[in-house]
Amino acid sequence: MLNGLKGAALAAALALSPLALGLAVPAAQAAEGSVAIPDARFQHDRMLGTFDRGALQRGFQVYKEVCSACHAAHLLSYRNLRDIGLSEAEVAAIAASYQIPDGPNDNGEMFERPGRASDRFRRPFANDAAARAANNGALPPDLSVIAKARPGGGNYIHALLVGYEDPPPAGITVMEGMHYNKYFPGHQIAMAPPLNSDGQVQYGDGTRATVDQMARDVTTFLAWAAEPELETRRAMGIRIILFLIVLGGLTYAVKRKIWADVH
Ligand code: HEC
C-alpha cells in the first residue's frame, strides 16, 4: 500500500509538471535550409500567456486591408471576430461590406448578396487557378492555420514579413518575379513584401503602424486564427493543476490518518 501511495504521489508530481499538461510552447526552430528564426517574444507564446486583444484587432485590420487581397482564410467566419473583442454590430457591418457568392436562385443562377455574420471569410479568388494566374504562377496559401503549419510558427511568420532584402546580398541573383527573403526556405519567394512602408494601415487606437508593428499584429491575429481555443485550454490547465494540488493534499492527509496507528 505504501508503494502504491508513493506511485500515486509520483504520478501526481508528473502530472503537475506543466509539460505533462502541454502548457509549454515549443521554442522557435529553424526551418531546414534557412537561417535561425529570431524569437519575437509574443505574449501568447509565454507559458500561460494570453492573446493581446489590441494586437488581435489591429492584426485583423492588417489581414483585411493587406493580406486578404491574395490570401483566403476559409476556416474563419465573420462571427468568430466576436472572440477578438468586436461587437455584434461591428461584426455585422464587416460581414455586410462583402459580397458573398450564393445560389442557385429559383432561375438556377448563382448570385451575390451582402455577407452575414455566419458566412465564412470571402475568398479573394474564385479558385486556385485564378489565384495562381494573378500571382505569377505561385499560389498564396490559405492563412487559416498557417501559424501551425510552418516550423517556427508565429516567430517564422513575423520574421518572414520583415525579412525582405532589396537589393539582395552581394553575389545572389534573384529570379524574375521573385524576391529575396532571408527567412524563406531557399530565400526566393514569389510574394512581394506585403508590408513595405510605415503607416500602410491607419490604426484606430493610436498605435504607430511601423512595418514591424503591423507584422507583429497580423502574426498575433494568425496565431489566434490557428488556435482560437488556446486561452481556454490554458485556463483549464491551471484549474487541473489546482485540482491536483488539492487532491494531493487530501490524499496525503488520508494516508497519514490511515497509517497513524501502524507506526
Ligand atoms: C499580392 C498578393 C499577396 C499579398 C497581398 C500577400 N501575400 Fe502572402 N503570399 C503570396 C504568394 C503568391 C505566396 C506564395 C509564395 C511562394 O510560394 O513563393 C505567399 C506566401 C505567404 C506565406 C507562406 C510562406 C511560406 O512559408 O510558404 C505567408 C505566411 C504569407 N504569404 C503571409 C502573408 C501575410 C501575413 C500577408 C499580409 C500582411 C500577405 N501574405 C500578403 C501573395 C501575397
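Conventions adopted
- Sequence order sets the numbering: in each chain, residues are counted from 1 along the sequence as written.
- Totals for whole chains, interfaces and linings use all residues, but because this is a predicted model, local features are given only for residues with pLDDT of at least 70 and pairs of side-chain atoms are given and counted only at 80 or more.
- Note: side-chain values were computed over all heavy atoms of the structure, leaving out hydrogens and water.
- The way it works is that DSSP assigns letters per residue, a run of H or I at least four long becomes a helix, a run of E at least two long becomes a strand, and they are numbered from the N terminus.
- Here's how the labels work: a residue is buried when its accessible area is under 20% of the maximum for its type, exposed when over 50%, partly exposed in between, all with a 1.4 Å probe on protein chains only.
- Residues are treated as being in contact if the distance between any of their heavy atoms lies within 4.5 Å.
- Areas reported here follow the Shrake-Rupley algorithm with a probe of radius 1.4 Å; residue values treat only the protein chains shown as occluding.
- We call a residue near a molecule or strand whenever a single non-hydrogen atom of that residue lies within 4 Å of it.
- Nitrogen and oxygen atoms within 3.5 Å of one another constitute a polar contact, given that in protein one can donate a hydrogen and the other can accept it, and given that sequence-neighbouring residues count only through two side-chain atoms.
- In this classification, the charged set is Asp, Glu, Lys and Arg, the nonpolar set is Ala, Val, Leu, Ile, Met, Phe, Trp, Tyr, Cys and Pro, and all remaining amino acids, among them Gly, are polar.
- Any Lys or Arg side-chain nitrogen located within 4 Å of an Asp or Glu carboxyl oxygen qualifies as a salt bridge.
- Here an angle of 0 to 180 degrees is reported between the N-to-C directions of two axes, which are lines fitted to C-alpha atoms, with helices fitted over the stretch in contact.
- Geometric relationships in this document are graded by angle, where less than 35 degrees denotes roughly parallel, more than 145 denotes roughly antiparallel, 65 to 115 denotes roughly perpendicular, and other angles denote oblique.

Asker: Looking at this structure, I do not really get the overall build of the chain. What am I missing?
Answerer: When helices and strands are tallied, the chain shows 8 helices and 4 strands. Taking all 263 residues of the chain together, 33% fall into the buried category. Here the analysis covers contacts within the chain between residues at least 6 apart in sequence; of these, 62% occur between residues at least 24 apart. Here the chain displays about 15300 Å² of accessible surface, and carbon together with sulfur accounts for 57% of that area.

Asker: For this particular structure, what's the right way to read the site of the ligand?
Answerer: Near the ligand there are 20 residues, and of these Cys-67, Cys-70, His-71, Tyr-156 and Met-191 occur at the shortest range. Residue His-71 places a side-chain N or O atom 2.7 Å away from a nitrogen atom belonging to the ligand. Its residues placed into classes, the shell around the ligand shows 17 nonpolar, 2 polar and 1 charged.

Asker: Even after reading the chapter, I still don't get the pattern of salt bridges, so can you show me in this structure?
Answerer: Any two side chains of opposite charge can pair, on the condition that their charged atoms come close. Applying the stated criterion across every chain, the model contains 9 salt bridges. Two residues, Lys-148 and Glu-227, come together in a salt bridge whose shortest N-O distance is 3.0 Å. One end of the pair, Lys-148, is in helix α5 (residues 146-149); the other, Glu-227, is in the loop between α7 (211-226) and α8 (230-259), and 79 residues separate them in sequence. In this structure Lys-148 comes out as exposed when scored by relative accessible area, which is 54%. Overall, the relative accessible area of 10% leaves Glu-227 in the buried class.

Asker: Any chance you could explain the packing of helix α2 (residues 53-65) against α7 here in plain terms?
Answerer: Packed helices, taken two at a time, are described by the angle between their axes plus the distance between the axes. Running from N to C, α2 and α7 cross one another at 100°; their axes reach a closest spacing of 7 Å. As far as their axial angle goes, α7 and α2 are roughly perpendicular. Here α2 contributes Ala-55, Leu-56, Arg-58, Gly-59, Phe-60, Val-62 and Tyr-63 to the contact with α7, which in turn contributes Gln-213, Met-214, Asp-217, Val-218, Thr-220, Phe-221 and Trp-224. Classifying every residue of the contact of α2 with α7 gives 9 nonpolar, 3 polar and 2 charged.

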